[in-house]
Amino acid sequence: MLYIGIDLGTSAVKLLLMRTDGTIENIVSKEYPLSFPHPGWSEQNPGDWWEACVAGIRELTEGADKSQVAGISFGGQMHGLVVLDDKDEVIRPAILWNDGRTVEETDYLNETIGRQKLSEYTANIAFAGFTAPKILWMKKNEPELFARIAKIMLPKDYIAYKLTGVHCTDVSDASGMLLMDVRNKCWSKEMIDICGIQESQLAKIYESYETVGTLRADIAQQLGLPENVKVAAGAGDNAAAAVGTGTVGDGSCNISLGTSGTVFVASEKFAVDDSNSLHAFAHADGHYHLMGCMLSAASCNKWWMEDILGTQDFAAQQADIAKLGENHVYFLPYLMGERSPHNDPKARGTFVGMTMDTTRSDMTQAVLEGVAFALRDSFEVAKSLGIGIERTKICGGGAKSPLWKKMIANILNIKVDTLASEEGPALGAAMLAAVANGEYASVEEAAERIVKVTDTIEPDPELAALYDARYQTFHKVYPQLKEVFGEMA
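Residues numbered from 1 in each chain as written. Predicted model: local features only at pLDDT ≥ 70, side-chain atom pairs only at ≥ 80, totals over all residues. Heavy atoms only, no water.

Draft legend 1. Structural detail: the nonpolar core. Residues Leu179 and Ile408 are the most contacted members of the largest nonpolar core, which totals 127 residues. Of the residues forming this core, the biggest block, twelve residues, is contributed by helix α12 (residues 360–384). Aside from chain neighbours lying at most four places away, what touches leucine 179 is Thr122, Ala132, Ile135, Trp187, Ser188, Met191, Cys195, Ile197 and Leu202. With 40 residues, the next largest nonpolar core counts Val28, Val54, Ile57 and Ile72 among its residues. (Core = buried A, V, L, I, M, F, W, Y, C linked by side-chain atoms within 4.5 Å. Buried < 20%, exposed > 50% of the residue type's maximum accessible area, 1.4 Å probe, protein only. Helix = DSSP H or I, 4+ residues; strand = E, 2+ residues; numbered from the N terminus. Contact = heavy atoms within 4.5 Å.)

Okay, structure coming up:
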């Protein structure tokens, strides 16, 4: 059978066609516009998503035996606000995850309602990108439109609705709305009251691998697919990517070394750290996960190489870095402020420890090590909750650097696995569709059968000890500069 995974991203939708055994038959991408109507705002027209998905599915399945398509599921950009009226028409453009208009609403939630209460209600604190602050913004600034809201949805769930006619969401994506009681996987009545909405305005919550419905007859005809194609709830992009990398089951970990960086740790048990340094969300495998997100990861290396050194030959600049664990220069990778674990938009990128004998290579090495040390900050928070982590998958552009992977293995002192295929949320979504159709008994079984490791880097005990000592120093630098960063801002 064939399964379609739809990754609804910020700039484009990526669609993947997968056979039951994980063989990828085709991949298609369709771009759509992004709107910035005011400084700091970020919006999209949900209709553009739908048009791109329809065109993408048609192109994806062209030449394939469409009668073999058995399921569709999703990964998608999280936190976006999609609002429908009582005729299921979109009321206004979707407000996206990277929209910054809700500073006042976020401060109100964190400071007036209080971080402790938010954590009790939802297992998380408020961030400007989350959905609940957007609802409060709309209530204050667009009261006439707010009064018309019949359904509040997330981006990928709007596509699921268009396919099936069902208003649905999944536990992982809903976790990032600041409206769900993550521990109990239900809507938080307290947050519903705070936002001034009704539970009837929210979609039904499903596990990521559960079937929400089948294709509407008119949509099946439009796409040229069977009406009995099952549509599974899918997952938020990070959880779907975790499925696609096999990061399921207790203690499994994935590090994404992209423009931003994430440490994603799966756990069978619900857990929240005391300071809410990590996001505590439900996972697509039926359990939970913790996620630390740093805002600048591989982008730090890109900035250093291209903007400062003026080169695109990254490998050449890393070639003479040999003495790992001995560098006297430190780099704080906070070029865009930082989220996990500091939650400090005023933090800044900083070199510390330079002397007259500091070389270009020392500073290049410090940039790579600084990102790895910052990843360890989130890693240590997860470990403090009693989650045993012995190894991690790694993906993203930065994972193409053997040197960087070696640093991460030794700085975190865990085995680092490289994967045969790195198709992210689209692959994870297709795997969820296969589970929904009963091809696999669980998400864990699907991951075990489909995801393949091609290479493993193991930490060296002596080098890991050197890096542990350096991490203890790195860990002290930000607290000493926090006040200075605030004054600079």
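Structure's up, so let's keep going.
Draft legend 2. Broad picture of the packing of helix α13 (residues 402–411) against helix α16 (residues 461–488). At a minimum axis separation of 8 Å, α13 and α16 run at an interaxial angle of 75°. The angle between α13 and α16 places the two elements in the roughly perpendicular class. Taken together, the residues of α16 that come into contact with α13 (itself represented by Lys406, Met407, Asn410 and Ile411) are Leu463, Ala464 and Tyr467. Looking at the contact of α13 with α16 residue by residue, the classes come out as five nonpolar, one polar and one charged. (Axes fitted to C-alpha atoms, helices over the stretch in contact; angles between N-to-C directions. Parallel < 35°, antiparallel > 145°, perpendicular 65-115°, else oblique. Nonpolar A, V, L, I, M, F, W, Y, C, P; charged D, E, K, R; others polar.)

Draft legend 3. Representation of the sheet that holds strand β18 (residues 279–282) within the structure. Spatial ordering of the open sheet is given by β18-β19-β17-β16-β22-β23-β24, a layout of seven strands whose pairing is mixed. Two strands bound the open sheet, and with one partner strand each, they are β18 and β24 (453–457). Between one strand axis and the next, the sheet turns through 25° on average, direction left out of account. Inspection of the sheet shows strand β16 (residues 253–257) paired to strand β22 (residues 391–395) by three bridges, in the parallel sense. In the sheet register, asparagine 254 faces β22, and the bridge partner there is lysine 393. Sheet strands touched by helix α9 (residues 237–244): β17 (261–267) and β19 (288–294). Its angle to β17, the strand with the most contacts, is close to 70°. (Pairing = 2+ DSSP bridges.)

Draft legend 4. Representation of the packing of aromatic side chains within the structure. All told, the structure shown has 15 aromatic pairs when counted by the stated rule. When the centroid spacing of 6.4 Å and the interplanar angle of 40° are considered together, the rings of tyrosine 158 and tyrosine 161 count as tilted. Linking tyrosine 158 with tyrosine 161, this pair stays in helix α5 (residues 155–164), spanning three residues, or about one helical turn. Both residues of the pair, tyrosine 158 and tyrosine 161, count as buried. Geometrically, the ring pair formed by phenylalanine 331 and phenylalanine 351 is tilted, given 4.8 Å between the ring centres and 40° between the ring planes. Of this pair, phenylalanine 331 sits in strand β20 (residues 330–332) while phenylalanine 351 sits in strand β21 (residues 350–352), placing them 20 residues apart in sequence. Three or more aromatic residues link up through ring pairs in this structure, and these residues are Trp303, Trp304, Phe331 and Phe351. The ring centre of tryptophan 41 lies 3.6 Å from the NZ or CZ of arginine 101, which sits over that ring. Just above the ring of phenylalanine 127 sits the side chain of arginine 339; from NZ or CZ to the centre is 5.0 Å. (Phe/Tyr/Trp six-rings, centres within 6.5 Å; stacked < 30°, edge-to-face > 60°. Lys NZ or Arg CZ within 6 Å of the ring centre and 35° of its normal.)

Draft legend 5. Spatial organisation of the packing of α12 against α13. Relative to each other, α12 and α13 sit at 40°, their axes nearing to 9 Å. Relative to α13, α12 is oriented oblique. In the crossing of α12 with α13, the sense of the turn from one axis to the other is right-handed. The segment α12 lies against α13, with Gln365, Leu368, Glu369, Val371, Ala372, Phe373, Leu375 and Arg376 engaging Leu403, Trp404, Met407, Ile408 and Ile411. Its residues placed into classes, the contact of α12 with α13 shows ten nonpolar, one polar and two charged. (Left-handed = near helix turned anticlockwise from the far one by under 90°.)

Draft legend 6. Spatial organisation of the pairing of strand β3 (residues 24–31). Two strands pair when backbone bridges link them, and strand β2 (residues 12–19) and β3 are joined in this way by seven bridges, in the antiparallel orientation. Each bridged residue has a counterpart across the sheet, and for leucine 15 the counterpart in β3 is valine 28. What sits between the antiparallel neighbours β2 and β3 is a turn of four residues, in which glycine 22 has the positive phi angle 100°.

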